[in-house]
Each structure stands twice: as C-alpha cells, then as structure tokens.
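# Structure at a glance
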Amino acid sequence: MRNYIYLVFFMALQVSYGQVVKSIQSGIWEDPQIWSTGEVPNERSEIIVEHEVLITQNLHIRKKLSLQKNAQIILDNSKNEVVLFIHNGGLLVSKGSPQNFIAIEATSNKFPGFISDNSENGGGIIQANHTKFINLRDHENYQAWYFRPSGSSAHLVIEDCIFEKCGRISPRYTIAAGGVARFIRSVFRDSQVKPKEMRKKYEEWYTFTTGSMPGAECEVTYCDFDKTVYLLRPNGYRVENNIFRDGVHGYVHLSGDWTSFAYNMIRWKTPKEDDFGFRYGNKIEHCMFIKDYEYWNPHFIIVGKGKGVAEVSGCIWWYKGLSSGKHVEGDGIIIGASEGTQYSDAQLKITQNIFLPNGDGSANKNGLTCTGVTALGDKKNAQIVFTHNTVYAEGMGGINLGETNVSHKGLVKEISHNIFWASKESLGSKIRNLGHSEAGIIDSSNVFKNVGYMVKTSTPTLKSQGYLKFEYLNNDYPGKGDLDGINPNFKDSSRNVQSWSKSIGGPGTIEHAMNSLKPIGKHNFQDLLNHIRDGFQPQEKKLKVYGASNK
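Turning our attention to the overall build of the protein chain. Within the protein chain, the regular secondary structure consists of three helices and 49 strands. A total of 551 residues make up the protein chain; the buried ones form 60% of that total. Of the contacts made within the protein chain by residues no fewer than 6 positions apart, 73% connect residues no fewer than 24 positions apart. Approximately 21400 Å² of the protein chain is accessible, and the part contributed by carbon and sulfur atoms is 46%.

Next up on the list: the packing of aromatic side chains. A complete count under the given rule lists 28 aromatic pairs for this structure. Their ring planes at 80° and their centres at 5.9 Å tell us that W145 and F163 sit as a pair that is edge-to-face. In this pair, W145 is assigned in strand β14 (residues 143-147) and F163 in strand β16 (residues 162-164), connecting sequence segments 18 residues apart. Measuring from centroid to centroid gives 5.3 Å for F300 and W317, while their planes differ by 70°, and the two rings are edge-to-face. In this pair, F300 is assigned in strand β32 (residues 299-306) and W317 in strand β34 (residues 316-319), connecting sequence segments 17 residues apart.

For the rest of this paragraph, the subject is the nonpolar core. Across soluble globular proteins, nonpolar side chains show a tendency to be buried alongside one another. Core analysis: the biggest nonpolar cluster contains 99 residues, and W145, F289 and L401 have the highest contact counts within it. For F289, the contacting residues outside a window of four places in its chain are I266, W268, F276, I284, F300, I301, C315, I316, W317 and W318. Counting residues in hydrophobic clusters, the runner-up holds 31 residues, among them W421, I486, W500 and F536.

Here we take up the side chain of S260. Topologically, S260 is positioned in strand β27 (residues 260-262). Among the residues examined, S260 registers a relative accessible area of 10% and is labelled buried. At 2.6 Å, the side chain of S260 and the side chain of E240 are in polar contact. Setting aside its immediate chain neighbours within four residues, S260 contacts Y237, R238, V239 and E240.

Our focus in this paragraph is the environment of Q465. Looking at the secondary structure, you find Q465 in the loop between β47 (451-453) and β48 (467-468). Q465 gets classed as partly exposed once you look at its relative accessible area, which sits at 27%. With 19 residues separating them in the primary sequence, Q465 and D484 have C-alpha atoms 7.3 Å apart.

Relative to strand β43 (residues 412-416), strand β40 (residues 383-387) is paired through four bridges, and the arrangement is parallel. Bridging from a neighbouring strand, T387 pairs with S416 of β43. Two elements, β43 and strand β46 (residues 447-448), share two bridges in a ladder whose sense is parallel. Among the inter-strand pairings, I415 is bridged to a residue of β46, identified as V447.

Rules used in this analysis
- Counting starts from 1 at the beginning of each chain's written sequence and moves along it residue by residue.
- Thresholds applied to this predicted model are a pLDDT of at least 70 for local features of residues and 80 or more for the giving and counting of side-chain atom pairs; totals over whole chains, interfaces and linings are not thresholded and use all residues.
- Note: side-chain values were computed over all heavy atoms of the structure, leaving out hydrogens and water.
- Numbering of helices and strands runs from the N terminus, with a helix taken as a DSSP run of H or I at least four residues long and a strand as a DSSP run of E at least two residues long.
- For every residue, the accessible area obtained with a 1.4 Å probe (protein chains only) is divided by the maximum for its type, and the residue is called buried under 20%, exposed over 50%, and partly exposed between those limits.
- Contacts are residue-level and defined by heavy atoms, with any inter-residue pair within 4.5 Å sufficient.
- Accessible areas in this description were obtained via Shrake-Rupley with a 1.4 Å probe; residue shielding takes into account the shown protein chains only.
- Two rings from Phe, Tyr or Trp (for Trp, the six-membered ring) form a pair when their centres are within 6.5 Å of each other. A pair whose planes differ by under 30 degrees is stacked, one over 60 is edge-to-face, and the rest are tilted.
- Nonpolar core, defined: a set of buried Ala, Val, Leu, Ile, Met, Phe, Trp, Tyr and Cys residues in which side-chain atoms within 4.5 Å join the residues together.
- Two N or O atoms form a polar contact when they lie within 3.5 Å of each other; inside protein one atom must be a possible hydrogen donor and the other a possible acceptor, and for residues adjacent in sequence the pair counts only when both atoms belong to side chains.
- Two strands qualify as a pair provided DSSP detects at least 2 bridges between them.

This is the structure:
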C-alpha cells in the first residue's frame, strides 16, 4: 500500500437501485448507530450523508454517495492510511447552499487525500455545488484531483465551490470527445504548490490544468485562481470572466482550439513559467493583461502553429513593473510561424487594443514599454493586420519588425487607423526596423492613416513620421494620410487598474481591484474595461475615428 491517501471516484450514468442508507447523527462511518438502518452501509448501498462523518479506514462505494446540507466528510488518517474508492458505476453528488457549504476535507496529520479515478475506465458523474474541498493533496505529487470524464457518459460539474489548501486539479488523461467538465464560480485559496526539491528535473507544476480532445464540452467561467493555470490542449474550453492572479501558461505546440477566451484578468507577478502561446484560428477578446515584476524584456503572448486567423481584440496591456537592465522593451504580442506554406494561410489580426503607459501609468517613468506587435518568425506563412489600436509608443514601443530573424516583404498586410503617442517630443515611434527587415516591407499600400503624437522624425525623409530605419522601394513611403503632431487630448490617459480601484472606493491597488470582481466581488469585469477605455477617448475631433475606443 502506498503511503498516502486516495479519495477515488469511479462513476458512470447507471441508475442505482440499492438500499438507501441515511446518516442520522455525526460520528465515525464504521459506527452502525449513526445510520438509519442501524447497519454500516456496504459498497452496494445508496448513501445520503447529512452530518459530520469521519472515515478512518478503507471504504468502497459502487452506487450513489450524496452529501446534503450540513454534511461533512473528513478523511481521518491520523492512525491509518484511508482510501475511499467510489468505483465505476458510482455517483458523487454534493449539494450545499451559499449559507451552508458542504465540506470534503482531509486531515493533514500524515498524508492528505486526493480524488482520482485510479485508472479504472474513468467516467461517471461528479456534481459539486457549494462545496468546500480542504487539504486535498497526495504526499508525492501534491495532486488534489485526477479526473477522467469519458466521452459517452461522463460529467464533471463544479459550481460555486471553494478549494482551500488543495494541490493541483487536472485530468488523468485528455478528456475525450463528448466529455463534459465545467468549473463555474469557484475560488482557489492558498493552493499547495509542490516544493521544487520534490520535483523531477524540468517538471512543471500548476494549480489547475486543462486537457481535452476536440468535441469535448468544457468551461472555466467566473473562477478565481491564486496560482498559475496551465492551458494544455484546451480544446472546446470556454474560458471567460476569470481572475488569474499568478498568470496562465501554455505552449503553442501543446495548444488547442478553445471555444472562447474572453473577459479574463491575467496578472503575472513573477517571471517564472509565464509563457502564454496559442494557435492561429483562436481568439482572445476583452481581457486585461498585467505584468508587474522587475525584469528585462518580458513577453506577453506568442501566436504560432495552426492556420487561419488569430484575433486579439479589445484587450488592455500593461507593464507595471520596472525594467531591471538596459533593455527598455517589453514584447506585447509576438507573431510566430504558422503551419501554412504561404502568407495567406494565417493572419494575426490585432484590433481595438490599448497598450498603457509603463510603470504606475506615469509616462517615461522607467522606459519599459509594451510593443503592440513584434515579429520574430522567419517563415513566410503569416501576416499582420494591426488596426484601430491605441499604443503608448515610447522607448521601444509601437511595432517592431526584423528582430532576431528577417521580416520579409509580405509579412505586413495592413497597419492603419492606430494612435501612437509618447509623453515628450521625439520619444515615440510607430514602426521600427530592428535590423532585419527587407526593403519595401512597408509602403503606402499597407501602412496608412495612422496618428503619431510626439513621435520621432523618420529618415531620410520627412514625408512619414515614426517609421524608423526602413528602406523603401521606388520612393514609396508608408504613412499615406497620416495625421501627425496633433494631440489626441485623451480624456484621462492615467487610467489603469489602480485608478479603477480608487474610483470604486478602494485603496488603489491591483489586489483590491481583483477582489472587487466576481466571483468574490460585486463588479463585472466590463466595469474595469469601461473605466480604462473611457479614459483613452480622444477629445480632439479630428481623431475620433482613430485608436481603440472610436471605431
């Protein structure tokens, strides 16, 4: 027997016709006096728990285990290892209320328990409503749950639950097509991270991991995660209105096609494991991205693999942290290679985004600015469309082409109707060649009608301001119809997450802002977005059709 607890669920949709046994008082599971039949329920019983029950030895459930109002199951492993097996064919239902949460708790005297299908064919149903899961984790892997909904019969529905001092929750294997996994309005507190000294070399660890095949029906909505979430193959996932307090992670080669990723607040507090990649064909909409650690050249997201249009729209990007070195560049959205063979096979479309001033919102505080888009890929199989964005373009801001690898002619499809602005004369840029861009990559046909305020004068000509270090073919300069030197006169360009916190009566902190959002607060995420976007409305009438807020 391994030296840790299993809380194991094997379930399917079969209806139970076994004897119904109810708890009539609190006590130890093995005490017949706490049960309505005067007998300890056996593994074929249908069991209803309405009290506090201690489990002190191995237990097998093959039918239905239902936890009702006032119920609490405690896995007491102070003397022995305790394994609760709920086999394939069983069903777990826990149904509390906002005023009276059910609890499933493991004591931590030795090795706490966790929930798993224990490799039996997986599947079954788990329905938890207003339930607290406390201290769930095994000793070896710090795993709180393994779950494996099967394609034909399984449902995992977690609503209005709290995970307190628990380890990781993840599928044992990828959820099959037709499988259902829903996490709704649930909060993760004091999540237990596997200590680095216990991890294998290169082992990654996250508090919550997705993983599903195309055709699965999954969602993570209105949840609050205190530790990093890993978006591993999130096929069919709807990820909306969540708070990610320590970032999200994902590789483009291990990504998938989610249904949506929208209205999320994502904050990275440290540079560890902050890669976030997604595939062409997916969308990110109306999210808030924050990085507030001290680092050089931090990155937000990279797009790669797949085909089709990758769209990033209506988002707000903010490097709050300081630059820790000579580098003053932070890459916002990075365009990488697709799986296509030509430019028309993939497109990165960036629209209606706002790239905030660095630091606490005060312009030119430390020079670290977020680029609207940076081109790193060396393949000729994806194009950039960058329209109707508002970009604080000081330092290395704006758009960067030709970094690391050659940016070939054909990469830029359209860059238009954006506002690029800086705090002082000649500190900003619209598009910058970092040394590896082909001649003619931008011209009047693909770069036009942009606004530049306080941007640098281009060389060798004054015809186009803010386009730095490019070579043009046949004197065809970019910037046809540009409006330069006109102050957008934003309504309030100092607005950010902290100013929103103050506007709702708080102390002006990111933490307070996150605590004010649902599921634990009363405000909708749209309230925060509206506050910032309203501040970046140009009051200059000539610029009303430019930038992120005025399309």
